[in-house]
Amino acid sequence: MALVEIRGLHVDFGSPARPLPAVDGVDLDIGAGEIVGLVGESGSGKSMTGLALMGLVDAPGRVRAERVAFDDQDLLALSMRERAKLAGGRIAMIFQDPQASLDPCYTVGFQLDEAIRLHGSAAERANPTARRERAVSLLREVDIPDPPQRLHAYPHQLSGGMAQRVMIAIAVAGRPRLLIADEPTTALDVTVQAQVLALLARLRREHDMAMLLITHDLPVVAETADRVVVMYAGQVMETGDVPAIFEAPGHPYTQALLDSIPEHNEGRARLRTIAGVVPGIDDRPTGCLLAPRCERAEPICSSERPLLRGGGAHRAVRCHFPLLKP
Amino acid sequence: MWRFVLRRAALVVPTFIGVTLLAFALIHLIPGDPVENISGERGMEPARRTRLLHEFGLDRPLPVQYGSYVAHVLRGDLGHSLTTHVGVAQEFGTLFPATVELAFFAMLFALVVGVPAGVIAAVRRNTAADYAVMGVSLAGYSMPIFWWALLLILFFSVQLGWTPVSGRIAVEYDVPAVTGFMLIDTLMAGDLAAFRSALSHLILPTIALGTIPLAVIARMTRSAMLEVLREDYVRAARAKGLSRMRVIVVHALRNALIPVVTVVGLQVGLLLSGAILTETIFSWPGVGNWLIHGVQARDYPVVQGGILLIAGIVIAVNLIVDVLYGVINPRIRHG
Ligand SMILES: Nc1ncnc2c1ncn2[C@@H]1O[C@H](COP(=O)(O)OP(=O)(O)O)[C@@H](O)[C@H]1O
Ligand SMILES: [Mg+2]
């Protein structure tokens, strides 16, 4: 039984009469303790998928799905209030720009305390001293030096890496079963990126916490994730286990993403990337979403949208002419 | 922080010259002079007029008069009223608490109504509530104070008889002026009936004077809230599972208040000029009313001194607001 089970997730903008899909029928499973990498170029609908799972999609966005289950609980049947209680508790989320994600008017200690007061143990909720101790131990857990001192720091006094560690500490305050990390290292320096990823990997081991790692950075996924879901223009293009996909991509889009990684490309004359950008939500082709940008496109690709066809246990590809026969 | 305060203090010198010059020029531009005012309809024999003009020092060339005025001001001497012969500073000091009381409650009213209205408009943007708040505040902003005050008097005082028409307190109460603030003085005197009377006299002037700042604050709060609600930390606060109310008040509003405080500071200057009109209409015995009488009597020392003191207070309030801005904004406070 998967921890998260999403079937047919849609996030629509535009009018109900002419919906513009940011997320267009996504299926996604995350097993307990599993790290799933959600990759794709900017504008593919990755963040919207994560926010929909958190219940944080704002109007005018509309969410519908056949099924969104967490720990066998049907999230779609919950009231807004019950849904909000899950968020920050058993499901937590961290974001791309950690410094902007902390409220500039309050100290680190205040913002940690808010989370502990809401999602901490009964003893912590009742007792400020216990909460303070927990806050210090959370900061220690995310490798922040001199935690008691840091409780008094304001966000603008933290580096990007420190701010993301604080965000992670806030996220794990409720001992979540699932952490949604939306581009957690994109805004950070390369050396800090590696440290934060190592921290996330360690926390998931220690807490047996599943993770949805959203990124456009494939090497990050290759290093950290168990499984990959490749998204493009609101739909899943390919999914599979990490080593398998990196060894033999089944979709031309996955191939193109891999080709754009410098190390993956050594010896070639120049970077091979696909031309163009992800089509906007009001500009989606009727056939294969990738057809206008795909070197291998045939006439059928522009007229007919391929289905996501699965082969073995974890592998599925949405392509009329997959690189790898399922 | 201290360098900032010093820099602001250095601006006081040119402002002082500007204000004294302007007040001096304006009052002398108005036709007539104090002596003409004293003589009234029947006129005055030329010899007496010349003697009085000389006594008041008004027969000297204007630049000399200005120079002598500034020299006195620098020595802390604002002169005496030509009509009451009381010291200008002393008269101002007696009347100023009434103006402060009125301005304070007007600002309180503007904040207590304007901030929540702006928050509601932002949170429910493009709904009937938003349009209502924006529409009413636009109307309030465009309403001339004297017109609005007269409407209030006609409706609440004349038609409904709920509130008194003018003054600070009903004549039958004689409350010793300790602080000069009527609400405090009546309470100190332990006279609840007098307190109620003072309160009822305060209501309409407060609304009349507070409406424009209310409109400005509501609009400013709305736009600041709309901006802040888009911020990452608001989404992150929601992701923590905080209640909607807590996200809006503790996180969004707290940040939105930073620009609102600046606006409140700018409103103080407008509030004092609005107080002049309001006090005149409601016969409120404050410095605004006093200044208008000074202008009518061509009481040069009163007008010049009054304007100078009010300008000084506006500058001081703006300085305090700037400092307050640093206090509520951690990014400035902890540089
Ligand atoms: N409020 C909105 N109104 C209209 N379109 C939106 C809105 N928010 C996001 N979108 C669109 O949804 C699509 C998916 O966005 P997003 O999930 O942020 O992509 P990703 O995280 O993969 O970069 C984008 O094309 C974006 O333009
Ligand atoms: Mg994104």
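In what follows, the structure referred to is the one given above.
What counts and how
- Residues numbered from 1 in each chain as written.
- Chains lettered and ligands numbered in written order.
- Predicted model: local features only at pLDDT ≥ 70, side-chain atom pairs only at ≥ 80, totals over all residues.
- Heavy atoms only, no water.
- Helix = DSSP H or I, 4+ residues; strand = E, 2+ residues; numbered from the N terminus.
- Rg over C-alpha atoms; globule rule 2.2 N^0.38 Å.
- Buried < 20%, exposed > 50% of the residue type's maximum accessible area, 1.4 Å probe, protein only.
- Contact = heavy atoms within 4.5 Å.
- Areas by Shrake-Rupley, 256 points an atom, 1.4 Å probe, with all protein chains shown as cover.
- Near = heavy atom within 4 Å.
- Polar contact = N/O pair within 3.5 Å; in protein donor to acceptor, adjacent residues only side chain to side chain.
- Nonpolar A, V, L, I, M, F, W, Y, C, P; charged D, E, K, R; others polar.
- Salt bridge = Lys/Arg side-chain N within 4 Å of Asp/Glu carboxyl O.

Once that is clear, we can look at the overall build of chain A. Looking only at helices and strands, one finds 13 helices and 13 strands in chain A. By the compact-globule yardstick of 20 Å for 326 residues, chain A fits well, its C-alpha radius of gyration being 21 Å. For chain A, the C-alpha atoms occupy an extent of roughly 70 × 50 × 35 Å along the three principal directions. Across the 326 residues in chain A, those meeting the buried criterion constitute 56%. Sequence separation of at least 24 residues holds for 64% of the intrachain contacts in chain A that already meet a minimum separation of 6. Carbon and sulfur atoms make up 52% of the accessible area of chain A, which amounts to about 14,000 Å² in all.

We now examine the site of ligand 1. Residue and element names in this part refer to chain A. In the vicinity of ligand 1, the contacting residues are Phe-13, Ala-22, Glu-41, Ser-42, Gly-43, Ser-44, Gly-45, Lys-46, Ser-47, Met-48 and Ile-281. Between an oxygen atom of ligand 1 and a main-chain N or O atom of Gly-43, the distance comes to 2.7 Å. In the environment of ligand 1, an oxygen atom lies 2.9 Å from a nitrogen or oxygen atom belonging to the backbone of Lys-46. Counting residues per element, the shell around ligand 1 draws most heavily on helix H1 (residues 46-54), at 3 residues. Grouping the amino acids of the shell around ligand 1 by side-chain chemistry returns 4 nonpolar, 5 polar and 2 charged.

Residues and elements named next belong to chain A. Under the criterion given, the structure shown has 25 salt bridges over all chains. A salt bridge links Arg-117 to Asp-113; the shortest N-O distance between them is 3.1 Å. A residue pair is termed a helical-turn pair when its members lie 3 or 4 positions apart in one helix, as Arg-117 and Asp-113 do in helix H4 (residues 108-119) at 4 residues. With its nearest N and O atoms 3.4 Å apart, the salt bridge here joins Arg-134 to Glu-124. Remark: Glu-124 occurs in helix H5 (residues 122-126) and Arg-134 occurs in helix H6 (residues 128-141); sequence separation between them is 10 residues. Overall, Glu-124 belongs to the buried group, its relative accessible area being 9%. Linked by salt bridges that have partners in common, Glu-5, Arg-67 and Asp-72 make up one network.

This is a description of form; function is not addressed.
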